[in-house]
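# Overview (structure and organization)
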Amino acid sequence: MHIEELVTKIQPLSKEIIRAAQKRFDNLIKPVGSLAQLESMTARYAGIIGSSDKQLVTVPDTRLLLLWGEAKHAAQIEAAMLQKKALSVYASHVDATVIPLLVIGETSYDLLEEGAMLAGEYIGEEKAGLICLGSCENELKPDWQDLLDEEDGLAFLDRLQCPVVAAMTGAILQAAGMRIPVMLDGVATCLAALAASMFNPFVLQYCFAGDESAEEGSGLLLDKLKLQAPLRLSLNHSEGVGALTCLRLFDAGIKAYTEMETFEEAGVHNEKEDYSLKVQEEKKNIKEDAE
C-alpha cells in the first residue's frame, strides 16, 4: 500500500469512547483524577482499540521496539540483532522485543514507504499490540528547530535530511492506519511524529510521549505535538529507553482501569448530595466565614 492510500485510512478516535473510559476512571473508588496521566493515557488507548469495556481494555501481549538505523549505524544494528546491546536486556524486563531495522532508501518518499512496509510486516507477523520507536541517529541537523513551521510532510523530511526520521515517519503512519499505539522516545522519534502529522493530523491521537529527553528542543517539540511525557529521565538520545520505561506506567493505568472497582461494582450506593464531601466542605466554609 502506497503512502497516499495509507494516509486516508487513518481515522480520528471516538470521543465518546474516550469520555466513557474517563467516566469509568472517575467512578473508581479513589479520588477523581488522582492517577493523572495514567488515566488520560488509558482513556486514549481505549479510543484506539475502539472500546471502553474493561474486559477488552487489556495490556498488549506483544510490544515491539523498532530500532531504526542506516548504513553508518550498521555496527549498532548488528549488536542489537545479536542481543549484545544493553537495550535488548532492558526491553526483556518490560516484556518487549527489540527489532533492529536498517533502512536503505535514497529519497524521503522511498524511506517513507520502506518504513511503513517494515512496520506493517513486523506488526502483522508478531501480532503486536503496541510499538515503541528507537533511533540510532543522534546527530540531527543543528537547525532542525527552524523547520518546525513547515506544513508539507515530504518537504519537511527533504529539508531535515535524516533517513532514519523519514523511515520512522512511515512506520508511525502505518501503525496509526492499523490502529496500533506508538510510544515515542526522544527528539528523533518526535520529529517523525511531527512529519507524520503533516500527512494526517489524526496520527498524533495514536502517539504517546514516553520521556521528555534532555536533548535540546525536546520540550519545545512536545509542545508543538501537544503531547505530554510522564517521564523526565535526563536521557540525551532517542534509542528507546524512555519509551520502554514508560510501558510500566502505561500498563499500570490499564491495570487500574480493569482491576479497581467502581462504587457500583463494589456494591456501594451512590453518595447522597447532602452528604458529599464537596457539600460538607462548602458548609464548613460558610460556617467559618460567619464566625
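So, here is what we can say about the structure in this document. (Residues numbered from 1 in each chain as written. Predicted model: local features only at pLDDT ≥ 70, side-chain atom pairs only at ≥ 80, totals over all residues. Heavy atoms only, no water.)

## Description of the packing of aromatic side chains
The condition is simple: Two aromatic rings, drawn from Phe, Tyr or Trp (for Trp, its six-membered ring), form a pair once their centres lie within 6.5 Å of each other, and the interplanar angle then sorts them: stacked below 30 degrees, edge-to-face above 60, tilted otherwise. Where helices and strands are cited, they refer to DSSP runs of H or I of at least four residues and of E of at least two residues respectively, numbered from the N terminus. For every residue, the accessible area (1.4 Å probe, protein chains only) is compared with the maximum for its type, and the residue is labelled buried under 20%, exposed over 50%, or partly exposed between those bounds. Charge over a ring is defined by NZ of Lys or CZ of Arg lying within 6 Å of the ring centre and within 35 degrees of the ring normal.
Taken as a whole and judged by the stated rule, the model has three aromatic pairs. Between Tyr45 and Phe250, the ring centres sit 5.2 Å apart and the planes meet at 70°, which makes this aromatic pair edge-to-face. With Tyr45 in helix H3 (residues 37-49) and Phe250 in helix H11 (residues 241-259), the pair connects residues that are 205 residues apart, well separated along the chain. In this pair, the class of Tyr45 matches that of Phe250, namely buried. When the centroid spacing of 5.5 Å and the interplanar angle of 75° are considered together, the rings of Phe208 and Phe250 count as edge-to-face. Of this pair, Phe208 sits in strand E5 (residues 207-209) while Phe250 sits in helix H11, placing them 42 residues apart in sequence. Owing to a relative accessible area of 1%, Phe250 belongs among the buried residues under this scheme. Taken together, Tyr45, Phe208 and Phe250 form an aromatic cluster joined through their ring pairs. When the ring centre of Tyr257 is taken as reference, the NZ or CZ atom of Arg24 above it lies at 5.4 Å.

## What about the layout of surface pockets?
Worth spelling out the cut-off: Of the two site types, the cavity is a set of points on a 1 Å grid over the protein atoms alone where a 1.4 Å probe fits but cannot get out, and the pocket is an open set with protein on both sides within 12 Å along at least five of seven lines, each lined by residues with an atom within 4 Å of a point. Grid points are joined across faces, edges and corners, and a volume is the space filled by probe spheres set on the points.
By volume, the second largest pocket amounts to about 350 Å³. Lining of the second largest pocket is provided by 20 residues; of these, Arg44, Leu204, Leu225, Lys226 and Leu227 occupy positions nearest its centre. Secondary-structure elements contributing two or more residues to the lining of the second largest pocket are H3, helix H9 (186-199), E5 and helix H10 (218-225). It is H3 that contributes the most residues to the lining of the second largest pocket, four residues altogether.

## Details of a nonpolar patch on the surface
Spelled out, the test is: What goes into a patch is any residue over 30% in relative accessible area without a salt bridge, connected to like charges within 9 Å or, for nonpolar side chains (Val, Leu, Ile, Met, Phe, Trp, Tyr), within 5 Å. For accessible areas, the Shrake-Rupley method is used with a probe of radius 1.4 Å. Any residue's cover is judged against the shown protein chains and nothing else. A side-chain nitrogen of Lys or Arg and a carboxyl oxygen of Asp or Glu constitute a salt bridge if their distance falls within 4 Å.
Judged by side-chain polarity, Ile29, Phe263 and Val268 come together as a nonpolar surface patch covering roughly 230 Å² of accessible area. As for its position among the elements, Ile29 is in the loop between helix H2 (15-27) and H3. For Ile29, a relative accessible area of 40% translates into the label partly exposed.

## Examining the packing of H2 against H11
We apply this condition: Here an axis means a line fitted to C-alpha atoms, over the contact stretch when the element is a helix, while the angle between two N-to-C directions is reported on a 0 to 180 degree scale. Any angle from 65 to 115 degrees is called roughly perpendicular, while one under 35 is roughly parallel, one over 145 is roughly antiparallel, and all others are oblique. Working rule for contacts: check all heavy atoms of both residues, and any pair within 4.5 Å makes them a contact. Any residue that is not Ala, Val, Leu, Ile, Met, Phe, Trp, Tyr, Cys, Pro, Asp, Glu, Lys or Arg is counted as polar, Gly included; the first ten are nonpolar and the last four charged.
At a minimum axis distance of 10 Å, the contact between H2 and H11 shows a crossing angle of 70°. The pairing of H2 with H11 is recorded here as roughly perpendicular in orientation. Contact with H2, carried on its side by Ala21, Arg24 and Phe25, involves Gly253, Ala256, Tyr257 and Thr258 of H11 and no other residues of that element. Per-class residue counts for the contact of H2 with H11 are four nonpolar, two polar and one charged.

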